[in-house]
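Observations on chain architecture
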Amino acid sequence: MQGYLSIGDFARLRNVNPKSLRYYERIGALLPAHVEEETGYRYYALEQLVELDMILMCLELNIPLRDAEQYRKPDQTLDIRQLLQDGQQKALEKLAHLRNTMQQMEGALRRIEENQRYQEQEGVYRRHLRQRLILRSPFTPSGGELEFKQSSTEIFLRGQSMGLLPAFTFPIGLIARRQGERIDTDIFLEVLQQKEDVTNLEVLPEGDYLCQQKPAQALDHIDALILEYFVQHPKANQVIITNMTSAYFDLKGPLLELQEQI
């Protein structure tokens, strides 16, 4: 039809499926400029590419198409400026999310490389560990693995509510401190970035640590694991228990690493 584009030609201009255009028509997001009564053929005006671009932008930025109608005035005029402003904000949020994901992946890959040389190391060994930023909460080790899992969920949610970015691979650990005859234990979440208004984070300092490994099943009896460590190391005042991030996922769970700063 002269002056119009067939549905197939119009779809090819933006590399979309004609079925998608029929769906956009069905929900009222993009109506054909002309429909032949006899054949039912759909035709579009070249100027409607602006509307199609609006739809594709909404899809890219996860704006529901039914919400796209908010950018139309009562006379069906498209508010391009508001759409672009909102789209810009959504794109910035998406970019920030991607940056955070990249930071998490880079941290995880670095851990894998650093842990590779210590995988399945027997006995006590010495290693240098980077500074770690943590959020911590009191923990009751006598509850075993079930208590550990419940507390892990709670501290994850707490960190999330504070806008903190956790490490990518199971960044949960325990810190046991000997206070005379008493042993106090905290669970901690390791985070990769700190918001300026968050003041209750702590630092595990960079330095040399004496380490040893235990199987993941040791979490079934955390209290016994901690007590055994302090019995075997009478001069130790604190031990950190965390996992060994490896290049492969094992259904039995990751190895645990017990770390005591020298």
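Structural notes, computed from the coordinates. (Residues numbered from 1 in each chain as written. Predicted model: local features only at pLDDT ≥ 70, side-chain atom pairs only at ≥ 80, totals over all residues. Heavy atoms only, no water.)

1. Here's the deal with the overall build of the chain
The cut-off we apply is this: For the purposes of this entry, the term helix denotes a DSSP run of H or I that reaches at least four residues, the term strand denotes a run of E that reaches at least two, and both are numbered from the N terminus. What the globule rule says is 2.2 Å times the number of residues to the power 0.38, and the radius of gyration is computed from C-alpha atoms. Three labels apply to residues, based on accessible area from a 1.4 Å probe with only protein chains included: buried if under 20% of the type maximum, exposed if over 50%, partly exposed otherwise in between. Here a residue-residue contact requires only that any non-hydrogen atoms of the pair lie within 4.5 Å. Method for areas: the Shrake-Rupley scheme with a 1.4 Å probe, in which residue coverage is limited to the protein chains shown. When charges are counted, Lys and Arg are positive and Asp and Glu negative, with His and the chain ends excluded. Lys charges are placed at NZ, Arg charges at CZ, Asp charges at CG and Glu charges at CD.
Tallying secondary structure elements over the chain gives 6 helices and 12 strands in all. Computed over C-alpha atoms, the radius of gyration of the chain comes to 28 Å, more than 25% over the 18 Å expected from 2.2 N^0.38 for 262 residues, which places it beyond the range of a compact globule. Its C-alpha atoms give the chain principal-axis dimensions of about 90 × 35 × 30 Å. Taking all 262 residues of the chain together, 39% fall into the buried category. Within the chain, contacts between residues at least 6 apart in sequence are counted, and of these 68% link residues at least 24 apart. Carbon together with sulfur atoms contributes 50% to the accessible area of the chain, which is approximately 16,200 Å² in total. Looking at the chain, you have 30 positive and 38 negative side-chain charges, and the mean spots of the two groups are 2 Å apart.

2. Details of the environment of Leu21
Its place among the elements puts Leu21 in helix α2 (residues 18–26). Taking the C-alpha atoms as reference points, Leu21 and Gln261, 240 residues apart in sequence, are found 63 Å from one another. For Leu21, the residues in contact, after removing those within four places along its chain, are Ile7, Phe10, Ala11, Val16, Leu30, Tyr44 and Leu52.

3. Quick look at empty space enclosed by the protein
Rolled over the atoms, a probe sized like a water molecule indicates the empty space that remains. Counted only if it meets this: A pocket, in this scheme, is an open set of points on a 1 Å grid over the protein atoms alone with protein on both sides within 12 Å along at least 5 of 7 lines, while a cavity is a set where a 1.4 Å probe fits but cannot get out; residues line either one if an atom lies within 4 Å of a point. Grid points are joined across faces, edges and corners, and a volume is the space filled by probe spheres set on the points. Under the scheme applied, nonpolar residues are Ala, Val, Leu, Ile, Met, Phe, Trp, Tyr, Cys and Pro; charged residues are Asp, Glu, Lys and Arg; polar residues are all the others, including Gly.
Across all of its chains, the model carries 2 cavities of 30 Å³ or more by this definition. The calculated volume of the largest cavity comes to roughly 40 Å³. A per-class count over the lining of the largest cavity returns 7 nonpolar, 3 polar and no charged. Taken as a whole, the second largest cavity spans an internal volume of roughly 30 Å³. Elements represented by at least two residues in the lining of the second largest cavity include exactly β10 (207–214) and α6 (222–232). Examining the composition of the lining of the second largest cavity, we find that 4 residues originate from one element, α6, more than from any other.

4. Quick look at the pairing of strand β7 (residues 172–179)
Short version of the rule: Strands are labelled as partners when DSSP assigns at least two bridges between them.
With respect to burial, β7 is a largely interior element, 6 of its 8 residues being buried. Sheet analysis places β7 next to strand β11 (residues 238–243), joined by 4 bridges and oriented antiparallel. Across the sheet, residue Arg177 finds its bridge partner in β11, namely Gln238.

5. Digging into the side chain of Gln213
Selection criterion: Polar contact is defined as a pair of N or O atoms within 3.5 Å, subject to the rule that within protein one atom must be able to donate a hydrogen and the other to accept it, and that residues adjacent in sequence are counted only when both atoms are side-chain atoms.
Its location among the elements puts Gln213 in strand β10. Within the local environment of Gln213, its side chain forms a polar contact with the backbone oxygen of Tyr118, the two atoms lying 2.5 Å apart. A polar contact of 3.1 Å, which involves the side chain of Gln213, links it to the side chain of Tyr125. Look past the residues within four positions of Gln213 in its chain and what remains in contact with it is Tyr118, Gln119, Glu120, Gln121, Tyr125, Met244, Leu255 and Leu256.

6. Focus: the pattern of salt bridges
The line we're drawing: By convention in these notes, a salt bridge is any Lys or Arg side-chain nitrogen within 4 Å of a carboxyl oxygen on Asp or Glu.
What the rule picks out here adds up to 13 salt bridges. The partner of Asp53 in a salt bridge is Arg14, and the shortest N-O contact between them spans 2.7 Å. Pair noted here: Asp53 is in helix α3 (residues 49–60) and Arg14 is in the loop between α1 (7–12) and α2, with a separation of 39 residues, a long-range link. Looking at Arg14, the relative accessible area reads 32%, which means it is partly exposed.

7. Quick notes on the layout of surface pockets
Counted as a void, the second largest pocket has a volume near 420 Å³. Lining the second largest pocket are 21 residues, with Arg110, Arg111, Gln131, Arg132 and Glu190 positioned closest to its centre. Of all the elements in the fold, those that place two or more residues in the lining of the second largest pocket are α4 (80–116), β4 (125–129), β5 (132–138), β8 (182–193), β11 and β12 (256–261). In terms of residue count, the dominant contributor to the lining of the second largest pocket is α4 (6 residues). Counted by class, the lining of the second largest pocket contains 5 nonpolar, 8 polar and 8 charged residues.

8. As for the packing of aromatic side chains
Convention followed: The pairing test for Phe, Tyr and Trp rings, Trp by its six-membered ring, is centres within 6.5 Å, and the orientation test on the planes gives stacked under 30 degrees, edge-to-face over 60, and tilted for anything in between. A positively charged side chain is recorded as over a ring if its NZ (Lys) or CZ (Arg) lies within 6 Å of the ring centre. The angle to the ring normal must also be within 35 degrees.
Applying the stated criterion to the full structure yields 5 aromatic pairs. Their ring planes at 5° and their centres at 4.6 Å tell us that Phe10 and Tyr44 sit as a pair that is stacked. One end of the pair, Phe10, is in helix α1; the other, Tyr44, is in strand β3 (residues 42–44), and 34 residues separate them in sequence. You can call Phe10 buried: its relative accessible area is 0%. A relative accessible area of 0% places Tyr44 in the buried class. With a centroid separation of 6.3 Å and an interplanar angle of 85°, the aromatic rings of Phe139 and Phe148 are classed as edge-to-face. Across the pair, Phe148 and Phe139 agree in class, each one buried. Between Arg132 and the ring centre of Tyr209, over which it is positioned, the NZ or CZ distance is 5.5 Å.

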